[in-house]
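Here is how the chains run, residue by residue.
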Amino acid sequence: MTQTLATLLIAHVVLGLIGIGALWALSMALLKKMPNLRFLRVSSLIAVIGFVLSWISGGYYYVMYYGGPVKAAIKAGPNPWAHSFFTETKEHVFLLLPFISIALACAFFFGGERIVSEDKRRYALFAVALIAVLIGVFSALSGVIISGSV
């Protein structure tokens with residue numbers, strides 16, 4: 001593997017974890033009686049940037065390296081299910097994260113104080129953010145399983 005591909009793989013992991021962490025922080029802030037709108041905006045923007053860049057770096061790694069020798073090694077190894085279930089599922093489920101984080105960011109940037117001050121809206125956004133965190137954790141754990149199967 002070239003240095004560039006290794007760097008992209010590391011970036012994919014780190015940026016995805018940053019996105020998950022930003023959404024977790026955002027989720028916890030939404031549980032406050034009066035969350036800080038600036039914090040919600042910044043956290044949601046960090047999540048968007050983290051997930052989009054993770055998506056791009058992971059996609060490049062997949063096309064340039066994973067799809068060839070890594071995928072073949074996993075399928076020929078003792079855990080072919082790691083690719084057939086976890087990689088395939090991760091590829092499709094992860095696609096939701098950039099869009100969910102964009103929707104959350106739009107809510108905080110365009111909904112403003114109404115979002116922060118109305119309990120029903122705040123709790124609905126909390127539920128969306130928590131679902132995104134769970135998808136992110138599933139994606140990260142899937143990556144661990146996939147990497148361990150190489």
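Draft legend 1. Structural context of the environment of Ala140. Mapped onto the secondary structure, Ala140 falls in helix 5 (residues 119-148). Judged by relative accessible area, Ala140 falls into the partly exposed class, the value being 30%. Sequence separation between Ala140 and Ile20 is 120 residues, and the spatial gap between their C-alpha atoms is 9.2 Å. Once you skip the residues sitting within four places of it in the chain, Ala140 turns out to touch Leu17 and Ile20.

Draft legend 2. Structural view of the packing of helix 2 (residues 37-76) against helix 4 (residues 96-117). Where helix 2 contacts helix 4, the two axes come as close as 8 Å, and the packing angle between them is 165°. In this view, helix 2 runs roughly antiparallel relative to helix 4, as classed from their interaxial angle. For helix 2 against helix 4, the interelement crossing comes out left-handed. Contact with helix 2, carried on its side by Leu37, Leu40, Arg41, Ser44, Leu45, Ala47, Val48, Phe51, Val52 and Trp55, involves Leu97, Pro98, Phe99, Ser101, Ile102, Leu104, Ala105, Phe108, Phe109, Gly112, Glu113 and Val116 of helix 4 and no other residues of that element.

Draft legend 3. Representation of the nonpolar core within the structure. Core analysis: the largest hydrophobic core is formed by 24 residues, its most contacted members being Leu23, Leu30, Leu40, Phe51, Leu104, Phe108 and Leu125. Counting only elements with at least two residues in this core, the list comes to helix 1 (3-30), helix 2, helix 4 and helix 5. Considering every element that reaches this core, the biggest residue donor is helix 4, with seven residues. When residues no more than four places from it in sequence are discounted, the contact partners of Leu40 are Leu26, Ala29, Leu30, Pro35, Phe108 and Val116. Grouped together as the second largest cluster of nonpolar side chains are eight residues, Leu5, Tyr66, Ala82 and Ile146 included.

Draft legend 4. Structural detail: the pattern of salt bridges. Tallied over the full model, the rule gives three salt bridges. Here Glu118 ties to Arg121 by a salt bridge, and the two come within 2.5 Å at their closest N and O atoms. Residue Glu118 is classed as partly exposed on the basis of its relative accessible area, which comes to 31%. Between Arg122 and Asp119 there is a salt bridge; the shortest N-O distance is 2.9 Å. In this pair, Arg122 and Asp119 are both assigned in helix 5, three residues apart and thus about one turn of the helix distant. Judged by relative accessible area, which is 30%, Asp119 ranks as partly exposed. Each member of the salt-bridge network shares a partner with another, and the members are Lys33, Asp119 and Arg122.

Conventions we followed
- Residues numbered from 1 in each chain as written.
- Predicted model: local features only at pLDDT ≥ 70, side-chain atom pairs only at ≥ 80, totals over all residues.
- Heavy atoms only, no water.
- Helix = DSSP H or I, 4+ residues; strand = E, 2+ residues; numbered from the N terminus.
- Buried < 20%, exposed > 50% of the residue type's maximum accessible area, 1.4 Å probe, protein only.
- Contact = heavy atoms within 4.5 Å.
- Axes fitted to C-alpha atoms, helices over the stretch in contact; angles between N-to-C directions.
- Parallel < 35°, antiparallel > 145°, perpendicular 65-115°, else oblique.
- Left-handed = near helix turned anticlockwise from the far one by under 90°.
- Core = buried A, V, L, I, M, F, W, Y, C linked by side-chain atoms within 4.5 Å.
- Salt bridge = Lys/Arg side-chain N within 4 Å of Asp/Glu carboxyl O.

Interpretation note: all reported values are geometric properties and have no functional meaning in isolation.
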